[in-house]
Amino acid sequence: MTSLPHTDEVYKEKRKPKNPINFGIQLNDEQKIVKAEVLKNHITAIKGKAGSGKTMLAVQIGLDQLFNREVEKLIIARPYVTAGEDIGFLPGGVDDKLSYLTSPIYNIMHDLIGKPKTEKLVTEGSVIVAPFGFLRGNTFSNCYIMIDEAQNATMKQTELMIGRLGKNSKMVFCGDMSQCDLKNKKESGFDFFLKLELEVKGVKVLHLEKNHRHAVVDPVLDVFSTYRD
């Protein structure tokens, strides 16, 4: 006797869009390769210099998973760390105070799917953008979790976030150690993914090389890198 598929699986298949999702930004070949690896693994770290498109790629993958009903929520977290300067008192409500953290993500989503659709997803709770501290105590099941600016998360914060990973979920960390804003860069947990990749199946470290900003960015960053070394 042929067994029928589970009711939830039938429902999930019926809800999937019949046509591919059209995003406002198309992935290049390098990004498509990285995306395929992200989808194969449970936890991934995407490394790349400024302008390599790592955040855009990670957000696009999350939206694609959300629209294809592979997950129920897209959660994007950023460490609450500034680029060295003391920003002092911030006026306004919670949203105003966190806008410097959330607006870069929203801007990327606007480019990918438009502002109206972005606002709808946020309003209905399908997309959550928040600093690390707002997400403590949660277990993320049926979610795609993206950690942006992951080089600014300490080893302990990175461990705590990974410990929240629930069933049918993926977690993606995006970062670049040359942009680490921690006072003690050795506290960052981002480079630890290289060790995790060697010892844990389902953890993968990926790299983006191509620059998507002005052509002068790469040589300038190379000079800064040489100077720091």
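On a predicted model such as this, the values are computed, not experimentally measured, just so you know.

(A) Focus on the side chain of Lys 47. With respect to the element layout, Lys 47 can be found in strand β1 (residues 43–48). Assessed through its relative accessible area of 14%, Lys 47 is described here as buried. Setting aside anything within four residues of it in sequence, one finds Lys 47 in contact with Lys 54, Gly 175, Phe 190, Asp 191, Leu 194, Val 205, Leu 206, His 207 and Leu 208.

(B) Looking closely at the confidence of the model for the protein chain. On average, the protein chain scores 84 in pLDDT, and the residues at 70 or more come to 83%. Here residues 1–8 is a poorly scored stretch, pLDDT under 50, and it has 1 contact once near neighbours within four places are set aside; other chains count. In the predicted structure, residues 83–90 sits below a pLDDT of 50 and forms 6 contacts with residues beyond four places in sequence or in another chain.

(C) Just unusual backbone geometry, in detail. One non-glycine residue, Glu 149, adopts positive backbone phi at about 50°. Here Glu 149 shows up in the loop between β4 (143–147) and α7 (155–162). In this model, Asn 168 sits at a positive phi of 50°, which is unusual for a non-glycine residue. Residue placement: Asn 168 occurs in the loop between α7 and β5 (170–175).

(D) Summary view of the pattern of salt bridges. Per the stated rule, a full pass over the model turns up 8 salt bridges. The closest approach of N and O atoms between Glu 197 and Lys 204, which form a salt bridge, is 3.9 Å. Residue classification places Lys 204 among the partly exposed residues on the basis of a relative accessible area of 29%. One continuous salt-bridge network, built from bridges that share partners, spans Arg 78, Asp 148 and Glu 149.

(E) Up close: the pairing of β1. Counting buried positions along β1 gives 6 out of 6 residues, so the element sits mostly inside the fold. Every second residue of β1 is oriented toward a common face, with Ile 43, Ala 45 and Lys 47 on one face and Thr 44, Ile 46 and Gly 48 on the other, all of them buried. Pairing analysis gives 5 bridges linking β1 to β5, with the strands arranged parallel. Note on β5: the bridge partner recorded for Ala 45 is Phe 173. Alignment of β1 against strand β6 (residues 203–208), held across 6 bridges, turns out to be parallel. By the bridge assignment, Ile 43 is partnered in β6 with Val 203.

Definitions and cut-offs
- Residues numbered from 1 in each chain as written.
- Predicted model: local features only at pLDDT ≥ 70, side-chain atom pairs only at ≥ 80, totals over all residues.
- Heavy atoms only, no water.
- Helix = DSSP H or I, 4+ residues; strand = E, 2+ residues; numbered from the N terminus.
- Buried < 20%, exposed > 50% of the residue type's maximum accessible area, 1.4 Å probe, protein only.
- Contact = heavy atoms within 4.5 Å.
- pLDDT = per-residue confidence, 0-100.
- Salt bridge = Lys/Arg side-chain N within 4 Å of Asp/Glu carboxyl O.
- Pairing = 2+ DSSP bridges.

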